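Chain and residue survey
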Amino acid sequence: MSVRRPGPRAALIAAASSVLLLAACTSREQSATPSTGGGGPAASAASAASAAPAGDGCTLTRTGYPKIDPKTAIVGFSQSEKEANPFRIAETQSIRDEAAALGIPADHLLVTNAQSDLNKQIGDIKSLLDRGAQLLIVAPLNSDGLQPALDAAKAKKVPVVTIDRKVTSQPCTDYLTFIGSDFVQQGRRAAAELVRVTGGTGKVAILLGSSGNNVTTDRTQGFKDELAKTPGLTVVAEQTGEFDRSKGQAVMEQLIQSHPDLTAVYAENDEMGVGAVNALRTAGKTPGKDVKIVSIDGTRNAVQLIADGSYNAVIESNPRFGRLAFQTLRQFADGLPVPASIVISDDSYDETNAAQKAGNAY
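Residues numbered from 1 in each chain as written. Predicted model: local features only at pLDDT ≥ 70, side-chain atom pairs only at ≥ 80, totals over all residues. Heavy atoms only, no water.

1. Quick notes on the layout of surface pockets
Note the cut-off: Points on a 1 Å grid, built from protein atoms alone, make a cavity when a 1.4 Å probe fits but cannot get out and make a pocket when they are open with protein on both sides within 12 Å along at least 5 of 7 lines; residues with an atom within 4 Å of a point are the lining residues. Grid points are joined across faces, edges and corners, and a volume is the space filled by probe spheres set on the points. Only Asp, Glu, Lys and Arg are considered charged in this grouping, and only Ala, Val, Leu, Ile, Met, Phe, Trp, Tyr, Cys and Pro are considered nonpolar; every other residue, Gly among them, is considered polar.
The computed volume of the largest pocket comes to approximately 400 Å³. Lining the largest pocket are 17 residues, with E81, S116, E242, F243 and D244 sitting closest to its centre. A class-by-class count of the residues in the lining of the largest pocket yields three nonpolar, six polar and eight charged.

2. Here's the deal with the environment of I95
Convention followed: To qualify as a helix, a DSSP run of H or I must reach at least 4 residues; to qualify as a strand, a run of E must reach at least 2; elements of each kind are numbered from the N terminus. Note on classification: 1.4 Å probe, protein chains only; a residue is buried when its accessible area is under 20% of the maximum for its type, exposed when over 50%, partly exposed between these limits.
With respect to the helices, strands and loops of the structure, I95 is situated in helix α4 (residues 86-101). Taking relative accessible area as the criterion, I95 reaches 0% and is therefore assigned buried. As for I95 and P319, which are separated by 224 residues in sequence, their C-alpha atoms are 9.9 Å apart.

3. A few points about the pattern of salt bridges
Applicable threshold: Just to be clear on terms, a salt bridge is a Lys or Arg side-chain nitrogen sitting within 4 Å of an Asp or Glu carboxyl oxygen.
For the structure on display, the rule yields 20 salt bridges. The shortest N-O distance in the salt bridge between D334 and K67 comes to 3.8 Å. In this pair, D334 is assigned in the loop between α12 (322-333) and β11 (341-343) and K67 in the loop between α3 (60-63) and β1 (75-79), connecting sequence segments 267 residues apart. For K67, a relative accessible area of 54% translates into the label exposed. Between D124 and K120 there is a salt bridge, and its shortest N-O distance comes to 3.2 Å. A residue pair is termed a helical-turn pair when its members lie 3 or 4 positions apart in one helix, as D124 and K120 do in helix α5 (residues 118-130) at four residues. Here K120 falls in the partly exposed class, since its relative accessible area comes to 34%.

4. Some thoughts on the nonpolar core
Nonpolar side chains in soluble globular proteins tend to end up buried together. Stated precisely, the cut-off is as follows: Each nonpolar core is a collection of buried residues, namely Ala, Val, Leu, Ile, Met, Phe, Trp, Tyr and Cys, held together in the definition by side-chain atoms within 4.5 Å. Contact between two residues is taken to exist if any of their heavy atoms lie within 4.5 Å; hydrogens are not considered.
With 48 residues, the main nonpolar core has L136, L207, M252 and Y311 as its most contacted residues. Listing elements by their share of this core, those giving two or more residues are α5, β3 (135-138), α6 (147-155), β6 (202-208), α9 (245-258), β8 (264-267), α10 (270-282) and α11 (300-308). Once residues lying within four places of it in the same chain are set aside, the contact partners of M252 are L262, V265, A276, A279 and L280. Counting 33 residues, the second-largest nonpolar core is a separate cluster that includes I68, V75, F87 and F321.

5. Things to note about α12
Put simply, the rule reads: A helix's residues, less one, multiplied by 1.5 Å, set its expected span.
For α12, which comprises twelve residues, the first-to-last C-alpha distance of 17 Å matches the rise-based estimate of 16 Å (1.5 Å per residue) to within 8%. Among the twelve residues that make up α12, ten are buried, leaving the element largely enclosed by the rest of the structure. Positioned one or two residues after α12, G335 has a phi angle of 85°, which is positive.

6. Focus: the environment of I315
Note on placement: I315 falls in strand β10 (residues 313-316). Distance in space between the C-alpha atoms of I315 and Y349 is 6.4 Å, their sequence separation being 34 residues. Once residues within four sequence positions are removed from consideration, I315 is found in contact with Q186, R189, A190, E193, S295, I296, D297, G298, D347 and S348.

Okay, here's the thing in structure tokens:
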């Protein structure tokens, strides 16, 4: 039987997979060493499978874009929300740290913040392009609505890497790729933890994230799909806290009044979860015991609450995208195919490891 040798396209795909697999193999192994964005491990591709391109993947040849070396380029980063949220602080710092590590001059990294205003983010991205940005990293505020900005980047043949929230536009047409977590899986993992810490019985409230983005939709879907396997746990209320601590606290105060027999809370980010803790304490309840709490993110505040016994579990959503974002732009510049989505690997915290892993939190 003859053996077929791989053609040029297969060789490119294999090379691309090896680049992202290398990233996956390094991050968790280096978790003891301070890394980008607050001391924890950088985000990395979850597995070789996540690096496999759809079709041929997105390439310089396919897009017709010029070859731009990230180390010498003017790079624009559009942050979506004010940096009062630990996730956003760590995310922006990760971009800055990786740019510095690559030797990119400070005046070649342009950073804007949309302050949770979609129209401002569109204007910010257009402004970055006007200021000469040759590569863009964008943390979208919403999944919809950024098309005018993406069109402006496309017109100037500027690659756009989106991080942490998916947009509904077309990869390799309107933007290069999305780098982020599997949010449905995060919801499933959170539900599994809630089943574990409650023993599979009780009444659950969901503190929903902000509307209009895939993070909230996916984390809700994954959680409900997994929780449906445990009939002893019933969702009795769900209300948005908009990923905000004070709003999460206000919602939780209302839920305590309307559902005094509530026994568990699923918060779609840690900030709302911490808000829930504050509300429960004010109401004379003992969070982590009277009412079990599971959330998603991996902030230092929430992880410390687990170690203190006032919280039950956190599924990580790693915000340290800098290294992988720049690696992806480097890969694209080298002519290698880039997949439409790069799913990262996320850790978890519970009562067995929170104290030991607190240094990885942000």
